[in-house]
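Summary of structural features
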Amino acid sequence: MTTESLPVRTDAPAGATDPVKNPAGRPGRLPLRQRAGRQHHAGPLAYVLLGITALLSIFPLYWTMVAASTDNTRVSETPPPFLPGPNLFSNLARAWDEAAMGQAMINSLIVAGVIAMSTVMFATLAGFAFAKLRFKGRNVLLMLVIGTMMVPPQLGVVPLFMMMAELGWSQRLPAVIFPTLVSAVGVFFMRQYLSEALPDELVEAGRVDGAHSLRIFWSIVLPVARPAMAVLFMITFVHAWNDFFWPFVALDMTNPTVPVALTQLSAGYIRDQSLIMAGALLGTLPLLAMFIVFGRQIVSGVMAGAVKG
């Protein structure tokens, strides 16, 4: 028997092994560039799992809206309602007035914005120092920073409150802002990111060009760290916005943040669950709006950072 020789592909680089139909109908090889451009499509099971996860994630917000749109009697019924009622806007207006949500939202925006920006800047500076600079005691200082994550924050409430009173910041926003201007979690997060995403060669090239550390940080580190900074800003902002314990201790009802203001809605002898849910919905709306506006940029920045790393 005689066999026909397969045509030789001169454009296929060495090492390409993917089969492709040649003019003779037999498997050949694909170029590596074509193999790299392939996309993997999810199967039906993946879509089912993603759908279930999305429903479980959205349900608490949907239930909050349903409870906020009915009255207290309807919320307490068994089974509870699963469709929105007609009282949503009236309950939102009552919660806005009774909890002084306007002043609370302004205070929360100031507190969360300042804390998030300062945490991102200080954590990026410290993360760059721990990741790429060589100095004595670097590992010891890093262990001390990580060790502060193991200390419960409740242990420092009394001395911290006394310190704020000595500074004259009691019942004022600086008492909430200054103790949380930087976090150990943020420093560790930025240190780990810059250790992988920032090549040592870029830092050394800046040194060769005569740039000092701050110049290297501004011109080289910040562009590389931007995706992680966006993620850290979002996480810190949400955490500061939702923080209740320390603002409840440091502030009063005349100058509250949103979580502290919401306690006024449950101060009565009989709690109005629909009113409480309306207040919770009001406190959640700014976070949802922020994620809708900046969520795509944050996700794309994370993906860009992952490719660069």
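Remember, it's a predicted structure, so these values are computed and weren't measured experimentally. (Residues numbered from 1 in each chain as written. Predicted model: local features only at pLDDT ≥ 70, side-chain atom pairs only at ≥ 80, totals over all residues. Heavy atoms only, no water.)

1. Let's talk about the overall build of the chain
In terms of regular secondary structure, the chain is built from 14 helices and 0 strands. Overall, the chain shows an N-to-C arrangement of helices and strands of α-α-α-α-α-α-α-α-α-α-α-α-α-α. Counting across all 309 residues of the chain, residues that qualify as buried make up 33%. Taking as baseline every contact in the chain between residues at least 6 positions apart, the subset at least 24 positions apart corresponds to 66%. As displayed, the chain offers around 19,500 Å² of accessible surface, 68% of which is attributable to carbon and sulfur atoms. (Helix = DSSP H or I, 4+ residues; strand = E, 2+ residues; numbered from the N terminus. Buried < 20%, exposed > 50% of the residue type's maximum accessible area, 1.4 Å probe, protein only. Contact = heavy atoms within 4.5 Å. Areas by Shrake-Rupley, 256 points an atom, 1.4 Å probe, with all protein chains shown as cover.)

2. Looking at the pattern of salt bridges
Counting across every chain of the model gives 3 salt bridges. Between Glu98 and Arg94 there is a salt bridge, with its nearest N and O atoms 3.9 Å apart. Of this pair, Glu98 and Arg94 both sit in helix α4 (residues 88-98), 4 residues apart, roughly one helical turn. Residue classification places Glu98 among the partly exposed residues on the basis of a relative accessible area of 43%. Its salt-bridge partner being Arg94, residue Asp272 comes within 3.4 Å of it at the nearest N-O pair. With Asp272 in the loop between α13 (258-262) and α14 (273-308) and Arg94 in helix α4, this residue pair connects regions lying 178 residues apart in the sequence. Taking the relative accessible area as the measure of exposure, Arg94 reaches 35% and is therefore partly exposed. (Salt bridge = Lys/Arg side-chain N within 4 Å of Asp/Glu carboxyl O.)

3. Here's the deal with the UniProt feature "transmembrane region" (unreviewed entry) in the chain
Under the feature "transmembrane region" (unreviewed entry), the UniProt entry names residues 45-63, 104-128, 140-161, 173-194, 215-238 and 275-294. Counting secondary structure, residues 45-63 comes out at 100% helix and 0% strand; the distance between its end C-alpha atoms is 27 Å. Secondary structure within residues 275-294 divides into 100% helix and 0% strand; the distance between the first and last C-alpha atoms comes to 30 Å. (UniProt positions renumbered as here; feature names shortened; annotations may be inferred.)

4. What to know about the nonpolar core
Counting residues in each nonpolar core, the largest one holds 34 residues, and the members touching the most others are Met101 and Phe237. At the level of secondary structure, the elements contributing two or more residues to this core comprise α4, α5 (101-132), α7 (157-166), α8 (174-177), α11 (213-242), α12 (245-250), α13 and α14. The biggest single contributor to this core is α5, with 7 residues. In terms of nonpolar packing, the next biggest core, distinct from the first, is built from 26 residues, Phe128, Ala131, Leu133 and Val221 among them. (Core = buried A, V, L, I, M, F, W, Y, C linked by side-chain atoms within 4.5 Å.)

5. Structural notes on α4
Among the residues of α4, those classed as buried are Leu88, Asn91, Leu92 and Ala95. Projected down its long axis, α4 shows its buried positions confined to an angular sector of 100 degrees, all on one face. α4 presents Phe89 and Asp97 as exposed residues on the side facing more than 90 degrees away from its buried surface. (Arc of directions from axis to C-beta.)

6. So, the environment of Phe135
Here Phe135 shows up in the loop between α5 and α6 (138-147). A relative accessible area of 35% places Phe135 in the partly exposed class. Setting aside anything within four residues of it in sequence, one finds Phe135 in contact with Ala129, Phe130 and Leu141.

7. Description of helix α9 (residues 184-197)
Here α9 contains 14 residues, and its C-alpha end-to-end distance of 20 Å stays within 8% of the 20 Å for a straight helix at 1.5 Å per residue. Those residues of α9 lying buried are Ala184, Gly186, Val187, Met190, Tyr193, Leu194 and Ala197. (Expected span 1.5 Å × (residues − 1).)

8. What to know about unusual backbone geometry
Backbone geometry places Ala100, a non-glycine residue, at a positive phi of 50 degrees. With respect to the helices and strands, Ala100 occurs in the loop between α4 and α5. Of note, Gln171 is a non-glycine position whose phi angle comes to about 65 degrees, a positive value. Assignment of secondary structure puts Gln171 in the loop between α7 and α8.

9. Topic: the layout of surface pockets
Here the largest pocket defines a volume of roughly 1,100 Å³. Residue lining of the largest pocket: 34 residues in total, with Pro153, Pro179, Thr180, Val182 and Ser183 positioned closest to the centre. Tallying contributions element by element places α11 first for the lining of the largest pocket, with 6 residues. Residue composition of the lining of the largest pocket, by class: 24 nonpolar, 9 polar and 1 charged. (1 Å grid on protein atoms, 1.4 Å probe; cavity = no way out; pocket = protein on both sides within 12 Å on 5 of 7 lines; lining within 4 Å. Points joined across faces, edges and corners; volume = space filled by probe spheres on them. Nonpolar A, V, L, I, M, F, W, Y, C, P; charged D, E, K, R; others polar.)

10. Re the packing of helix α10 (residues 200-208) against α11
Where α10 contacts α11, the two axes come as close as 10 Å, and the packing angle between them is 130 degrees. Our classification of the angle between α10 and α11 gives oblique. Here α10 and α11 pass one another in a crossing that is right-handed. Side by side, α10 and α11 meet where Leu202, Val203, Gly206 and Arg207 of the first sit next to Ser213, Ile216 and Ile220 of the second. Its residues assigned to classes, the contact of α10 with α11 shows 4 nonpolar, 2 polar and 1 charged. (Axes fitted to C-alpha atoms, helices over the stretch in contact; angles between N-to-C directions. Parallel < 35°, antiparallel > 145°, perpendicular 65-115°, else oblique. Left-handed = near helix turned anticlockwise from the far one by under 90°.)

11. Description of the packing of α9 against α11
Orientation of α9 relative to α11, taken along the N-to-C sense of each, is 140 degrees, at an axis distance of 10 Å. With respect to each other, α9 and α11 are oriented oblique. As α9 packs across α11, the resulting crossing turns out to be right-handed. Across the interface between the two elements, Gly186, Phe189, Met190, Tyr193, Leu194 and Ala197 from α9 touch Val221, Val224, Ala225, Pro227, Ala228, Met229, Val231 and Leu232 from α11. For the contact of α9 with α11, a count of residues per class yields 13 nonpolar, 1 polar and no charged.

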